[in-house]
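# Geometric and topological summary
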Amino acid sequence: NFEESGLSGNYGYFGTIADWFDSDAIKQLSDSNTYKIDLIGHNSDHLKELSNVICHGPWAYCEIYEKARNWRLGLVPFKLSPLIQGVNPVKFYEYYALGLPVVSSRFSGMKEIQEQLPDSIKIYFYDGNIVDACSLAVKEDSREKRIERVRWANRETWKDRWRTVQETIGKD
């Protein structure tokens, strides 16, 4: 049973937490008291008072991946701003490489990726209600979808992108 698979049950985010980070969405999730939320990275101290938010501070990447691979989902809670609208969401690729479903705000870079994805491994966007998006992501997740996400991410390497560029311009 996928529900009894040893996943921690936590939601998670790793990366810097700055003024573009949607702390209100994390507070909304915390208030729902559904799952614990792991925050790994700099500047999360202002969220420590939330009862089910665990602020780990910065970790080495090898430690992050050991923790994150057992999360229920990966969060990309960014406030919509001109800065974020221009971001290529590397975090998405990192989460998919771990097989995690992704819950994100609806910014340009994520919308462009969504257009490339099969419906079976879609991004779960939240438009004001992150709780519902997370609940749906957890409900629809499966071992097969995690495998499909990893396979998709494995095809998104720089080597593969360079090959596409070469094919597009007609050079070997």
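Residues numbered from 1 in each chain as written. Predicted model: local features only at pLDDT ≥ 70, side-chain atom pairs only at ≥ 80, totals over all residues. Heavy atoms only, no water.

Take unusual backbone geometry next. For Asn-33, which is not a glycine, the phi torsion comes out positive at approximately 55 degrees. Tracing the backbone through its elements, the reader meets Asn-33 in the loop between helix H1 (23-32) and strand S2 (37-40). (Helix = DSSP H or I, 4+ residues; strand = E, 2+ residues; numbered from the N terminus.)

A cluster of nonpolar side chains, Trp-162, Val-165 and Ile-169, forms an exposed patch at the surface whose accessible area comes to about 320 Å². Tracing the chain through its elements places Val-165 in helix H8 (residues 158-169). (Patch = residues over 30% accessible without salt bridge, like charges linked within 9 Å, V, L, I, M, F, W, Y side chains within 5 Å. Areas by Shrake-Rupley, 256 points an atom, 1.4 Å probe, with all protein chains shown as cover. Salt bridge = Lys/Arg side-chain N within 4 Å of Asp/Glu carboxyl O.)

We now examine the pairing of strand S1 (residues 11-14). Residues Tyr-11 and Tyr-13 line one face of S1 and the alternating positions Gly-12 and Phe-14 line the opposite face, and both faces are buried. Pairing geometry for S1 and S2, over four bridges, is parallel. Residue Tyr-11 lies in a different strand from S2, and its bridge partner there is Ile-37. The β-α-β motif built from S1, the intervening H1 and the parallel element S2 has right-handed crossover chirality. Pairing geometry for S1 and strand S4 (residues 73-76), over two bridges, is parallel. Across the sheet, residue Gly-12 finds its bridge partner in S4, namely Gly-74. (Buried < 20%, exposed > 50% of the residue type's maximum accessible area, 1.4 Å probe, protein only. Pairing = 2+ DSSP bridges. Right-handed = clockwise from strand over helix to strand, strands pointing away.)

Read across the open sheet, the six strands follow the order S3-S2-S1-S4-S5-S6; overall the sheet is parallel. Looking at the sheet topology across the chains shown, the edges are occupied by strand S3 (53-57) and strand S6 (124-125). When S4 meets strand S5 (residues 102-104), the two strands line up parallel, connected through three bridges. Among the inter-strand pairings, Leu-75 is bridged to a residue of S5, identified as Val-103. Running over the sheet, H1 touches S1, S2, S3 and S4 and is turned about 150 degrees from S2. (Contact = heavy atoms within 4.5 Å. Axes fitted to C-alpha atoms, helices over the stretch in contact; angles between N-to-C directions.)

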